[in-house]
Amino acid sequence: MRIDMLSWEFPPRIVGGIARHCYGLARSLVKMGHEVRMITLEFPGSPDFEYVDGVAVHRVRIELGHPDFLTWVLLFNHFMEKYAARLNAGTRSDVIHAHDWLVSAASISMKHFLGKPLVFTVHSTEVGRSRGLKGANSYTIDGLEWWSTFEASRVIVTSESMRREVVEHFRLPPGKVHKIPNGVDVEKFNLEFDRESFRSRYVSSGERIVLFVGRLTPQKGVEYLIKALPMILQSHPEVKLVIVGDGWMSDDLKRLARSTGRPEKIYFTGFLPEQDLIKTLLSADVLVVPSVYEPFGIVALEGMAAGIPVVASNVDGLSEVVHHGRNGVLTYPADPKSIAWGVDRILSDRDYAKRLVENAKREVFRKYSWDAIARETIKVYEEVCM
Amino acid sequence: MHVIMTYGKDSFDRKLPEDFSLLCMLSNLGVTSRETALSSEEIAERIHLQTDSIARLITKLIDKGLVASIEVENIEKFYVTLDGVRRVLTLYS
Amino acid sequence: MKDFCMILEFHQPYRLNRNFNSLYYAGEEDFRKVFDAYFDDGLNELIFRGVTRRCYLPLSELILEQAERLRREGKEFRLAYSLSGLFIEQCKRWEPKLIELIGELVDLGYVELLGQTYYHSLSGLYGPERIEFKRQVEMHSSLMDGLFGLKPEVFENTECLYNMSIARAIDDMGFEGIVTEGADRILKGRSPNYVYRAKGCGLKVLLRNYRLSDDIGFRFSSRSWCEWPLTSEKYVRWIEWTPGESIVVFIDSETFGEHHSRESGIFDFLKALIRKIAESRYLVWSTPSEILEKRDERGVIDVDDFSTVSWADLERDTSAWLGNGMQLTVYESIKSLGPLVRSLGDETFYTVWRRLQSSDHLYYMSTKSGGPGEVHGYFNPYGSPYEAFTVYLRVLADFEVRLKVRLEETGRREARYLFPVPSDKAFTFYREFARSMNLRVRSLHDLLSALRSVDIKSIEFHSERGDFGRWVRQVIGDMELAEVLDEASSLGLVGEKLRRKLIEALEARIAEVEGGGSPIFK
């Protein structure tokens, strides 16, 4: 099959889970003998066209910008559409697969021009991200999301909670919505490196790493983890909190870190390249995912694949990946006390932690491999092409 | 009707920092390379932002390494760095 | 190259004597002695000498030293001083060497002098044709000319007060331009960093960049400010990267050493700033007149007389001086003495009356709270706005009585007819019986200007009833004028002829009463 995949992010342009998702999925599709053209946006330092593990990656130049976000999105959709039209003048694709509303306009136009079916993956919704619709832009984005789910032949979501959200918020027939989870590349965690010397980047010997990985934005709930740190330190003075990632809240969070009175126990790494991120995951003692909104939570999966115990908040998609007491620990969302309890549960009972990690690893191998996910996705493509 | 739980509502209503908003606008304008760099006059023209704040916001962004400056024909021009582009992208998901 | 212009304001009022009491001087014949007691010269001298030592002198010395050094290196540095007449007066009395130093700066071309009202007054806000305002501006110009041999070309009104009438008056007087506050509401989204033109006349307008000014003036030593500490590097970067052609930073000279102590590093900051701007490839030190000559106008500034702007407080309007009942009472009272002072024509009375017009007296009476309230309190030599008010009223009441007595003594009794009556005795215009027009006048001057513009129907109505003569006789007390008005009414004139007749009668009488005392300062 020939698949045109549209996404506004693809490595190295990484915003959130979509880039990882597209990369993992496209690579596995190619491995299975399909042809994937990834149409995405330019990124400083990346070529306009290249093959990445067999995936043809086309990076569209945005020739005209605009300071307003929504206007800018509609403008770049035009350039994507133009680019896709030129591509299809050569070889036509069999199916168009778009990811999130940012590429709605371009993908819907392609569907009508080419007369080919559209598959649309909803990774998150505006109403969920912003906690309700706030302001003109919010309503327009919500409208674009609804419009895409309406135009699409099939809608893919990554979790049960997202399925509930789109079926109820966009009033979709349940049969139109397929749940295919995110995957994780288990192989990349089979890495040989000097763990102790890498750890010394962050901690001195004897110290233990409590890790956070993610964007520094409100929905990730990092502030609750920082607030939990003094409580964790009471019973585990050897703990150090390592915060990986960048975001517009970083100044606020650093201020918050100072206000705990133990700034020396909190380390902000900023953005990390993929290899360093993997090594950091492999070096940590516990991974905390304190999100307050999380349609899926790939980072929890990565922690599980890396073999470190995961403490996650009991919200949305996260609670479907992490099962309390079986493959991880769930805590109350937005609750520092509960997070401190969860971390303490892991750190003070090594046997318990070990059991969780073993279960988690087994589950990740079985349920979340990209090949399995690609097979599910192909089934959806085949359905819509019939 | 599916009710969306609202944890941590307060921080969701937090306003974006002013310098970050400017960074996003510059990035959306496509000012992300030496070739597309703009002077502060040009920025003021294209972004309807109180012209007085531009200078100090840019100073902040440069200090954080999110914006860089170059000199073109005796005029200082500014563009968003790779770190700046990454920082902008954290706004969305 | 962008122009960077720094203007420094130098002003000290004559603060009033908190212990002044008319009773002590009940029998005093020589009004000059009493007038001396109005002002607390001990305090004024103390303050003036202190501020000179901490601020004026080291500031001007630093400027001279840096200018000389830069000149030797072939670099340019110039700025502008705006010196009030009252500042110069006190300087002459207590710190004459400071005048010499300023004179040296002017002679060497390092400092341009701006025009302002001699008495740092609100006179720009009132009066037909702004006569009193123009007189105070002329007084200031000739003072500058006499002392430094230069007449200012650019004007800066008291506290940057600006509206259309002020602009017109200044344009009439031949100034090139005026400096005022770059308030958002007059710019309406435009940038303050260009030259504009005043609506309705050819006067050019330079706008103060309040953000960059307040960074130094207010925020420099504030540790809670997110930009603290403000380094000259950072500040110069801000200026370099601020869009525009000309950036005007206009601050109180007392910023240096007084509002921010020497220990805050403000002098080092200024020293580094002077050098960095002189060395910048993007900036050049310029004075207001240089900017006006070099730059084209970018648009029109339109501020009507009811939206006056100033640089004071957050409101940037007249509310710092005319914001509460006490202030308005004082302002109206001092204004209403004008015709009497003019009628008497005595230099000493003129001087006292004008000193009492300094905006500072009103500023001390502000009852604003919050940040602006703290600033008002900082400057206030009295315990509270209420004390400022009572002290002022005691002085003003004494002055009014002595003025009226003096008028009697010099045979100018009629002058009291020019004095406004209390508002409950005002003349109210009616269109017809029981149809009030909401137009009330309290003095002959006001009556005259009302007659010029009011609907002729109303004039006919009142003239037929003999109301004008009756009010002038029974309320104002001017029998002579009353008779003339009665006579005019009895002629049976109607329409514009009637109006003209009444106006002529009133004009003649006012000229007669006022005429005797010729204004001292022409």
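Residues numbered from 1 in each chain as written. Chains lettered and ligands numbered in written order. Predicted model: local features only at pLDDT ≥ 70, side-chain atom pairs only at ≥ 80, totals over all residues.

### Some remarks on the overall build of chain A
Right, on to step 1. Within chain A, the regular secondary structure consists of 15 helices and 14 strands.
Right, on to step 2. In terms of overall dimensions, chain A is globule-like: its C-alpha atoms have a radius of gyration of 21 Å, near the 21 Å expected for 386 residues.
Right, on to step 3. In terms of overall dimensions, chain A has C-alpha extents of about 65 × 45 × 40 Å along its principal axes.
Right, on to step 4. Counting over 386 residues, chain A shows a buried share of 50%. (Helix = DSSP H or I, 4+ residues; strand = E, 2+ residues; numbered from the N terminus. Rg over C-alpha atoms; globule rule 2.2 N^0.38 Å. Buried ≥ 20, exposed ≤ 12 C-beta atoms within 10 Å, placed from the backbone.)

### Re the domain arrangement of chain A
Residues and elements named next belong to chain A.
Right, on to step 1. Domain boundaries assigned for chain A yield domain 1 (2-183 + 369-385) and domain 2 (186-367).
Right, on to step 2. A C-alpha centroid distance of 29 Å is found between domain 1 and domain 2.
Right, on to step 3. Tallying the contact residues gives 15 residues for domain 1 and 13 residues for domain 2.
Right, on to step 4. Elements with a contribution of two residues or more to the side of domain 1 that touches domain 2: helix H1 (17-31), helix H4 (126-129) and helix H6 (160-169).
Right, on to step 5. By residue number, the principal contributor to the side of domain 1 that touches domain 2 is H6, which donates three residues.
Right, on to step 6. By residue class, the composition of the side of domain 1 that touches domain 2 is two nonpolar, 10 polar and three charged. (Domains from an automatic or database assignment. Contact = placed C-beta atoms within 7 Å. Nonpolar A, V, L, I, M, F, W, Y, C, P; charged D, E, K, R; others polar.)

### Description of the sheet that holds strand S2 (residues 67-72) of chain B
Right, on to step 1. Spatially, the three strands line up as an open sheet ordered S1-S3-S2 (chain B), and their pairing is antiparallel. With one partner strand each, in any of the chains shown, strand S1 (38-39) and S2 of chain B form the two edges of the open sheet. (Pairing = 2+ DSSP bridges.)

### Concerning the nonpolar core
Right, on to step 1. One finds Leu 211, Val 286, Val 288, Ala 300 and Val 343 of chain A together with Ile 178 of chain C to be the most contacted residues of the largest nonpolar core, which totals 277 residues.
Right, on to step 2. A total of nine residues in this core trace back to one element, the largest contributor, which is helix H17 (residues 385-409) of chain C.
Right, on to step 3. Setting aside its immediate chain neighbours within four residues, Leu 211 of chain A contacts Val 242, Val 244, Thr 280, Ala 284, Val 286, Leu 287 and Val 288 of chain A. (Core = buried A, V, L, I, M, F, W, Y, C linked by C-beta atoms within 7 Å.)

### Here's the deal with the interface of chain B and chain C
Right, on to step 1. On the side of chain C, 10 residues touch chain B, which itself brings 11 residues to the contact.
Right, on to step 2. At the level of elements, helix H3 (40-46) and helix H4 (51-63) of chain B are the ones that each hand at least two residues to the side of chain B that touches chain C.
Right, on to step 3. Here the side of chain B that touches chain C gets seven residues from one element, more than from any other, and that element is H4 of chain B.
Right, on to step 4. For the side of chain B that touches chain C, the residue count by class is four nonpolar, three polar and four charged.

### What to know about helix H2 (residues 18-29) of chain B
Residues and elements named next belong to chain B.
Right, on to step 1. With 12 residues, H2 ought to run about 16 Å at 1.5 Å a step, and its terminal C-alpha atoms sit 17 Å apart, in line with that.
Right, on to step 2. Most of H2 is tucked away: 10 of the 12 residues are buried.
Right, on to step 3. Considered for burial, the residues of H2 that qualify are Asp 19, Phe 20, Leu 22, Leu 23, Cys 24, Met 25, Leu 26, Ser 27, Asn 28 and Leu 29.
Right, on to step 4. Of the residues one or two after H2, Gly 30 is the one with positive phi, at around 90°. (Expected span 1.5 Å × (residues − 1).)

### Let's talk about the pairing of strand S12 (residues 435-441) of chain C
Along any regular strand, the residues point their side chains to alternate faces of the sheet.
Right, on to step 1. Bridge analysis of strand S11 (residues 427-432) of chain C against S12 of chain C gives four bridges, and the strand direction is antiparallel. Bridge pairing in S12 of chain C places Tyr 430 of chain C opposite Ser 436 of chain C.

### A closer look at the environment of Thr 59 of chain B
Right, on to step 1. Relative to the helices and strands, Thr 59 of chain B resides in helix H4.
Right, on to step 2. Its 20 C-beta neighbours within 10 Å are what place Thr 59 of chain B among the buried residues.
Right, on to step 3. Between the alpha carbons of Thr 59 of chain B and Leu 38 of chain B there is a distance of 15 Å; along the sequence they are 21 residues apart.
Right, on to step 4. Contacts of Thr 59 of chain B, omitting those with residues within four sequence positions, involve Lys 234, Arg 237, Trp 238 and Trp 241 of chain C.

### Structural notes on the confidence of the model for chain B
Residue and element names in this part refer to chain B.
Right, on to step 1. For chain B, per-residue confidence averages 84 on the pLDDT scale, and residues scoring 70 or more make up 81% of the total.
Right, on to step 2. Element-level pLDDT for chain B is lowest in helix H1 (residues 9-12), with a mean of 52, against a maximum mean of 95 in strand S3 (residues 75-80).
Right, on to step 3. Predicted confidence is poor over residues 1-6, with pLDDT under 50, and the contacts of this stretch with residues over four places away or in other chains come to 10 contacts.
Right, on to step 4. Both scores are available for the predicted complex, with the pTM at 0.83 and the ipTM at 0.85. (pLDDT = per-residue confidence, 0-100.)

### Describing unusual backbone geometry
Right, on to step 1. Omega for the bond connecting Pro 11 of chain A with Pro 12 of chain A falls within 30 degrees of zero, at 5°, which places this linkage in the cis form.
Right, on to step 2. The residue Pro 12 of chain A is located in the loop between strand S1 (2-6) and H1 in this model.
Right, on to step 3. Note that the residue after Trp 228 of chain C, namely Pro 229 of chain C, is joined by a cis bond; omega there is -5°.
Right, on to step 4. Mapped onto the elements of the fold, Pro 229 of chain C is located in the loop between helix H8 (210-219) and helix H9 (232-241).
Right, on to step 5. Positioned with a positive phi, Glu 73 of chain B is a non-glycine residue whose angle comes to about 45°.

### A look at the sheet that holds strand S9 (residues 208-213) of chain A
Residue and element names in this part refer to chain A.
Right, on to step 1. What the six strands build is an open sheet, ordered S11-S10-S9-S12-S13-S14; its pairing is parallel. The open sheet terminates on both sides in strands that have one partner only, identified here as strand S11 (266-270) and strand S14 (329-331). On average, adjacent strands in this sheet sit at an angle of 25° to one another, irrespective of strand direction.
Right, on to step 2. For S9 and strand S10 (residues 239-244), the ladder comprises six bridges, and the chain directions are parallel. Following the sheet pairing, Val 210 is matched in S10 by Leu 241.
Right, on to step 3. Helix H11 (residues 298-306) contacts S9, strand S12 (286-289) and strand S13 (310-313) of the sheet and is inclined by roughly 165° relative to S13. (Axes fitted to C-alpha atoms, helices over the stretch in contact; angles between N-to-C directions.)

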